[in-house]
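# Analysis of the macromolecular model
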Amino acid sequence: MIDFNSPDYKRSRGAYLAQCAAEHFIVLLTTGAYLAKLLTYIGISDSLAGIISSFITLAFTIQLFSVFIVRLKCSTKFLVIFFEMVCSLFFSAIFLVPFMPVGKTLKTLFVIIFILIAYFSRYIVQTLLFKWGSSFVAPDKRASFSAVKEAISLFLGMLVTAFAGFIVDRLEGLGNLNGAFLFLAVSIFALTVVNLVTLLLIRKEDASEHTADSVPFSTVLKNTFGNKNFRSVVFLMILFDTARYFTTGFMNTYKIKDLALSILAVEIINIVANFARMIVSVPFGRYSDRHSFAKGFKLGLFFFAAAFFINIFTTKEAWFLVIAYTVFINIATAGTNQNSFNIMYSYVDAPYVTQAMSICRCISGLFGFGASLLGGKILSLVQANGNTVFGIPVNGQQILSGISLVLTAASILYITKVIEKQPILHQ
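Reference entry: report on the structure contained in this document. (Residues numbered from 1 in each chain as written. Predicted model: local features only at pLDDT ≥ 70, side-chain atom pairs only at ≥ 80, totals over all residues. Heavy atoms only, no water.)

## Thoughts on the overall build of the protein chain
Along the protein chain, the regular secondary structure elements total 19 helices and 2 strands. In terms of overall size, the protein chain behaves like a compact globule, its C-alpha atoms giving a radius of gyration of 21 Å where 427 residues would be expected to give roughly 22 Å. The principal-axis extent of the C-alpha atoms belonging to the protein chain is close to 65 × 45 × 40 Å. Out of the 427 residues in the protein chain, the part that is buried amounts to 59%. Partitioning the contacts of the protein chain with sequence separation of at least 6, the portion at a separation of at least 24 is 86%. As presented, the protein chain carries roughly 17,100 Å² of accessible surface, and 70% of it is formed by carbon and sulfur atoms. (Helix = DSSP H or I, 4+ residues; strand = E, 2+ residues; numbered from the N terminus. Rg over C-alpha atoms; globule rule 2.2 N^0.38 Å. Buried < 20%, exposed > 50% of the residue type's maximum accessible area, 1.4 Å probe, protein only. Contact = heavy atoms within 4.5 Å. Areas by Shrake-Rupley, 256 points an atom, 1.4 Å probe, with all protein chains shown as cover.)

Okay, here's the thing in structure tokens:
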């Protein structure tokens, strides 16, 4: 009988909470307006910038290798620490690219390479980290713990982004944008050290959890692709990732260039949105624990649909609508983020959950990246046509939001008609 109240388990839960917060801060400083500012500074086009911002979806494909990496004869703790450090260091290196004495083409190439290495390193062990950290939480409290973990990261993240946004805008106002990039690189490196310390404090997995004890790959395939309920979840995630990555990767440059918002303004909007997400995170978690992870996920999708609907009408004249868009996207993520992992506990046998998560994220990530490529093509065509379609003034992001809305509605319908009717193995 596992004692979830033992000192080791309590310390590990606390360290996992802190680790997730540190990792969240690194993500905040390497995405959104900060990355958009770097890409714009280098001279990368809007469509390519959107595709680069969506590399996260392509990185999901590396999760397929998690199915094989879990068979290595070393501990989960070692694997997670190694790849997390590689990830964080390359994220820091992204903001050192402007200092390289090379041309625009090579700088663009270095940014792409660094981002890919960082994301690949992160996602190759993401499911391992999630299962390892969650193993110290009682099964009936997983969604609530995830919600508390998220709320803490969000609250502290608001302070981090407010401070970083102020510094970056201040340095840019002084004509020292390179100084802003250096500040971001050093800050991410400092957070890398914090990330390392927190991972070291998490209790090593039990011998029964060692990766060397993983089941044969043929058995994994039988209990994943051979499982009709798993295939249904995969199709749901394909719909979801295709819907969101049609639009989200192109919104950062849209806010800065088309809507003419400053970095600080974007970060203030993000803080408001993150505060809204923080408020609803715990209620979302409790709702998911009481009803099901699938129902919690669907609730988040309704807010995604609202966000895309609002964004259809967001223009420079109606720039304030982007506030509502950002708030609803963040609230939606409170319902979809952790439940996209937790839902596997409902429909896949426990020994195969890690592999199921990896396979699912890999497949849906490929479709998400494909959506971002197609979205980038549509955006380029609209911009090349003077931001008009059939003589009607319209921005590419508005069209992409309409496509995302339709796909999100399809996702909601699929959960209702298929996923919710499947028998739940264990919550």
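## Digging into helix α12 (residues 228-245)
In a regular helix each residue adds 1.5 Å, so 18 residues correspond to 26 Å; α12 covers 26 Å between its end C-alpha atoms and thus fits that length. Burial within α12 is extensive, with 15 of its 18 residues counted as buried. Capping the start of α12 is the job of one residue whose side-chain oxygen sits 2.9 Å from the backbone nitrogen of Asn229: Asn227. (Expected span 1.5 Å × (residues − 1). Polar contact = N/O pair within 3.5 Å; in protein donor to acceptor, adjacent residues only side chain to side chain.)

## Here's the deal with the packing of helix α9 (residues 142-173) against helix α14 (residues 263-290)
Look at α9 against α14: their axes get within 8 Å of each other, and the N-to-C directions meet at 175°. Taken as axis vectors, α9 and α14 run roughly antiparallel relative to one another. Class assignment of the residues belonging to the contact of α9 with α14 gives a composition of 16 nonpolar, 7 polar and 7 charged. (Axes fitted to C-alpha atoms, helices over the stretch in contact; angles between N-to-C directions. Parallel < 35°, antiparallel > 145°, perpendicular 65-115°, else oblique. Nonpolar A, V, L, I, M, F, W, Y, C, P; charged D, E, K, R; others polar.)

## What about a nonpolar patch on the surface?
Together, Leu89, Phe189, Val193, Val197 and Leu201 give the surface a local cluster of nonpolar side chains, amounting to about 430 Å² of exposed area. Looking at the secondary structure, you find Leu201 in helix α10 (residues 177-201). (Patch = residues over 30% accessible without salt bridge, like charges linked within 9 Å, V, L, I, M, F, W, Y side chains within 5 Å. Salt bridge = Lys/Arg side-chain N within 4 Å of Asp/Glu carboxyl O.)

## Let's talk about the packing of aromatic side chains
Applying the stated criterion to the full structure yields 20 aromatic pairs. With 6.3 Å between their ring centres and 75° between their planes, Phe284 and Phe303 make a pair best called edge-to-face. A residue pair is termed long-range when its members are at least 10 positions apart, and Phe284 in helix α14 and Phe303 in helix α15 (residues 293-311) qualify at 19 residues. When its relative accessible area of 5% is taken as the criterion, Phe284 is described as buried. Members of the aromatic cluster, each reached through a chain of ring pairs, are Phe240, Phe297, Phe304 and Phe308. (Phe/Tyr/Trp six-rings, centres within 6.5 Å; stacked < 30°, edge-to-face > 60°.)

## Some thoughts on the nonpolar core
Counting residues in each nonpolar core, the largest one holds 114 residues, and the members touching the most others are Phe95, Ile343, Met344 and Ile419. A per-element tally of this core places helix α1 (residues 7-30) first, with 10 residues. Beyond its immediate stretch of four places on either side in the chain, Ile419 contacts Ser232, Val233, Leu236, Ala294, Ile343, Tyr347 and Tyr414. The next biggest cluster of nonpolar side chains, apart from the first, holds 6 residues, and it includes Ala276, Phe284, Val327 and Ala334. (Core = buried A, V, L, I, M, F, W, Y, C linked by side-chain atoms within 4.5 Å.)

## Overview of helix α18 (residues 353-384)
Between its terminal C-alpha atoms α18 stretches 46 Å, which fits the 46 Å expected from 32 residues at 1.5 Å a residue. Directly after α18, the chain includes Gly386, whose backbone phi takes a positive value near 70°.

## Remarks on the pattern of salt bridges
Tallying each qualifying case throughout the model produces 8 salt bridges. Glu420 is the partner of Lys298 in a salt bridge, and the nearest nitrogen-oxygen pair spans 3.0 Å. In this pair, Lys298 is assigned in helix α15 and Glu420 in the segment after α19 (396-417), connecting sequence segments 122 residues apart. Note on Lys298: relative accessible area 15%, which makes it buried. Assessed through its relative accessible area of 25%, Glu420 is described here as partly exposed. Salt bridges sharing partners connect three or more residues here, namely Asp8, Arg11 and Arg203.

## Quick look at the side chain of Asp169
Among the secondary structure elements, Asp169 is positioned in helix α9. For Asp169, which is buried and forms no salt bridge, the nearest opposite charge comes from Lys37, at a distance of 6.0 Å. Among all residues touching Asp169, those that are not within four sequence positions of it are Ser262, Ile263 and Leu264. (Lys, Arg positive; Asp, Glu negative; His and termini not counted.)

## A look at the state of the cysteines
By definition, a disulfide is the covalent link that joins the sulfur atoms of two cysteine residues. One pass over the structure, following the stated rule, counts 0 disulfides. Note on Cys20: no disulfide assigned, nearest cysteine sulfur contributed by Cys87 at a separation of 13 Å. Of the cysteine sulfurs around Cys360, a residue in no disulfide, the closest is that of Cys362, at 9.7 Å. (Disulfide = S-S within 2.5 Å.)

## With respect to the packing of helix α6 (residues 76-94) against helix α8 (residues 126-134)
Running from amino to carboxyl end, α6 crosses α8 at an angle of 130°, the nearest separation of the two axes being 10 Å. As far as their axial angle goes, α8 and α6 are oblique. Where α6 crosses over α8, the handedness of that crossing is left-handed. Residue-level contacts link Thr76, Lys77, Leu79, Val80 and Glu84 of α6 to Leu128, Leu129 and Trp132 of α8. (Left-handed = near helix turned anticlockwise from the far one by under 90°.)

## Section: the side chain of Glu84
Mapped onto the elements of the fold, Glu84 is located in helix α6. It turns out Glu84 is buried and unbridged, and the closest side chain with the opposite charge, Arg122, is 5.2 Å from it. Beyond its immediate sequence surroundings of up to four residues, Glu84 is in contact with Gln19, Glu23, Arg122, Leu129, Asn195 and Leu199.

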